[in-house]
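Summary of the model geometry
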Amino acid sequence: MANVMITRLTAFDRLVHLGTAASFVYAFLSGIGIAFPKMHWLLTVLGGGEFARWLHPWAGVVFSVFGFLMILSYVKDMFFDTDDIKWMVGIVHYMTNHEEKLPETRKYNAGQKMYFWITVFWGTIIFLVSGLAMWFPDAFAAQVAPWVPGMGVRDLVLLATVVHEVMFIAAGAFFIVHIYMGTLGMPGTLSALATGKVTAEWAKAHHPKWYREMVRKA
Amino acid sequence: MSYLTSGSTTGLAIRRMSATKEPVLDIKDQEQLGILVDISSCTGCKACEVACIQWHDLNPPIATEEELRENGFSYQSAPDLAANLFMLMKYQEAETDRGWTWFITKRQCMHCDDPGCLTACPSPGAIVQYANGVVDFDQSKCIGCGMCRTGCPFDIPRYDANDHPFKCNFCLDRVGNGLVPACAKACPTNALHFGTRADMVELGHKVVAGLKDRGFPNAALYDSAGVGGAGYVYALPHGDKVEHYGDLPKDPAISSLVHLWKGPLKWIGGAAILGSIAAMFMHLVTAGPKTVEAHGKEE
Ligand code: HEM
Ligand code: SF4
């Protein structure tokens, strides 16, 4: 059984993940450089302040395009069920590596589903809309101001900035957890991004229900 | 740490810079400058506008006949401020208790004591407030994001094709060398008074008191209290009709959204990002990685 590999990600899924990952990392790091004066040096590393501010929204647009494709291809596995609620309630067992006390998971556990909904689904939409507002403040204000009477044109752009920042905080904190789980926190996961395959042991240990579904199908 | 601790040994001291902690201020002692615009003495001749264009070597927008027609052949040189037009005389007419009246207003950067542009700017040192109160841009440090206009309660900065901002700099090169700003120098009616800000506020109150005596009961001093006062102070004959004075905001103040964005959200954001890195590290060294072997044992 040691060499049995299970396909977890299709070539399309892997391509889409690479697209979101690369663009998100650039938008994330340049966003940090813009948001925090003490991290301004990051912009120097990313090509210079003016360049990084120029590329950030384009990286964001690339993220949103791939994010949209990702939603289409991943969403079918991302709906919550009652097991997910039990899993969330007992999340401390997951943190302490006692999964045996939690409901067995299918292809994605409740944490991964939350990550999908917050960073991928809402991130794709909210970063894009609020980002466009900051990118083209005059055009945005001209379009949106008539719909929200009582709000000044500049206040609308400021509101978008605040929304962008809140989205960044939520998506960014989750993103760090995601990177950890994909690398150091769960050995054997990163290679799935390149090959699309995981070992049978990996599947059995982390996503037993999905593993059995796959075995049944095979 | 500050990106700059004070001004250089010669020239102007720096009071505040964007995205940077307060510089050291006790090295030099420089007085805050001000200009009083006495609107009751202004004839709308635009000498100030011409002097501004001349001194700053501006290439101002010249309206075509079509544009003039669109703007109803206004007295105004241009519909709005522009990157190549740092100050603009604005002309409006409105009904007052003294009948149909001209509201002619000089509009430019106000040089706020608490500048919204400087608060909003993410790039260290791109916006500088000198100890004499003048607020200016350092284009070499600007990343071209456009936040300065969004943060400005007076909607002043305008951008060139490279998204770099331009506005009135209070003739920093003149006042730094003991000269009167170009606009105040050119004004033929003494509607523009230049001096220390404290003197201008005092003079402004006198002008307002005089106006009240002369049958302008609503005369008022426009002193931008919401931004801690500003370099520009206006004596308004019709203080109850602020909005007619070239769209001056009634109660200028930095938006609370700017404070939310630059205050609590920065703390929450920093804590969330650093906190999750710390939490993941803690997981690694306490619970340890989720290896396939570990799970095998538990089963
Ligand atoms: C989807 C399309 C996106 C667009 C069009 C966009 C556009 C922008 C623009 C125009 C700014 C203003 C820059 C400034 O304040 O000078 C900005 C700031 C920022 N962006 Fe984005 N962005 C996008 C996606 C993202 C993503 C994916 C992230 C992070 C994961 C992100 C994080 C940030 C951060 C942290 C800031 C700084 C906000 C601040 O000044 O405090 N953005 N973005
Ligand atoms: S456009 Fe330049 S000066 Fe204005 S806020 Fe952005 S970085 Fe600062």
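Moving on, we get to the coordination of the iron atom of ligand 1. All names here are of chain A. Around the iron atom of ligand 1, the protein contributes the donor atoms H56 (NE2) and H164 (NE2), which lie 2.0 to 2.1 Å from the metal centre. Its 6 donor atoms give the iron atom of ligand 1 angles of 85 to 179 degrees at the centre, a pattern that matches the octahedral case. Of this pair, H56 sits in helix 3 (residues 49–74) while H164 is found in helix 8 (residues 153–182), placing the two residues 108 residues apart along the sequence. Considered together, H56 and H164 belong to a single accessibility category, that of buried residues.

Taken together, 25 residues surround ligand 1, and among them H56, H164 and E165 of chain A together with C145 and K266 of chain B come closest. Chains contributing residues to the immediate surroundings of ligand 1 are chains A and B. Separating an oxygen atom of ligand 1 from a side-chain N or O atom of W261 of chain B is a distance of 2.9 Å. At a separation of 2.7 Å, an oxygen atom of ligand 1 approaches a polar side-chain atom of K266 of chain B. For the shell around ligand 1, the secondary structure elements donating two or more residues are helix 1 (11–35), helix 3, helix 6 (110–135) and helix 8 of chain A.

Turning our attention to the nonpolar core. Grouped together as the largest cluster of nonpolar side chains are 51 residues, with contacts concentrated most on I6, F24, F28, F127, F168, V198 and A203 of chain A. Each of domain 1 (7–253) and domain 2 (263–298) of chain B contributes no fewer than three residues to this core. Grouped together as the second largest cluster of nonpolar side chains are 50 residues, C52, I53, C112 and Y232 of chain B included.

So, on to the sheet that holds strand 10 (residues 220–222) of chain B. Residue and element names in this part refer to chain B. Overall, mixed pairing links the 4 strands, which are arranged 9-2-11-10 in an open sheet. Sheet topology places strand 9 (192–196) and strand 10 at the edges, where each strand pairs with a single neighbour. Direction aside, the axes of adjacent strands within the sheet are offset by 20 degrees on average. The pairing of strand 2 (residues 33–38) with strand 9 spans 5 bridges and is classified as antiparallel. By the bridge assignment, I35 is partnered in strand 9 with F194.

Looking now at the interface of chain A and chain B. With 46 residues of chain A in contact, the opposing surface of chain B contributes 42 residues. Contact between chain A and chain B buries roughly 3800 Å² in total, counting both sides, with carbon and sulfur atoms accounting for 67%. Taken as a group, R154, L158 and Y180 of chain A account for 17% of the area that chain A buries against chain B, more than any other trio of residues on that side. Our enumeration of links across chain A and chain B arrives at 3 salt bridges. The interface formed by chain A and chain B contains 14 residue pairs in polar contact (both at pLDDT 80 or more). At the level of elements, helix 1, helix 3, helix 5 (91–95), helix 8 and helix 10 (200–206) of chain A are the ones that each hand at least two residues to the side of chain A that touches chain B. Per-element accounting of the side of chain A that touches chain B gives the leading share, 17 residues, to helix 8 of chain A. Across the side of chain A that touches chain B, the residue classes tally to 26 nonpolar, 9 polar and 11 charged.

What counts, and at which threshold
Residues numbered from 1 in each chain as written. Chains lettered and ligands numbered in written order. Predicted model: local features only at pLDDT ≥ 70, side-chain atom pairs only at ≥ 80, totals over all residues. Heavy atoms only, no water. Donors = N, O, S within 2.8 Å, 3.2 Å for Na, K, Ca; no water. Tetrahedral: all angles 85-135°; square planar, octahedral: opposite > 155°, others 65-115°. Helix = DSSP H or I, 4+ residues; strand = E, 2+ residues; numbered from the N terminus. Buried < 20%, exposed > 50% of the residue type's maximum accessible area, 1.4 Å probe, protein only. Near = heavy atom within 4 Å. Polar contact = N/O pair within 3.5 Å; in protein donor to acceptor, adjacent residues only side chain to side chain. Core = buried A, V, L, I, M, F, W, Y, C linked by side-chain atoms within 4.5 Å. Domains from an automatic or database assignment. Pairing = 2+ DSSP bridges. Axes fitted to C-alpha atoms, helices over the stretch in contact; angles between N-to-C directions. Contact = heavy atoms within 4.5 Å. Buried area = accessible area lost by both parts, 1.4 Å probe. Salt bridge = Lys/Arg side-chain N within 4 Å of Asp/Glu carboxyl O. Nonpolar A, V, L, I, M, F, W, Y, C, P; charged D, E, K, R; others polar.

It is worth stressing that arrangement in space is one thing and function is another; only the former is reported here.
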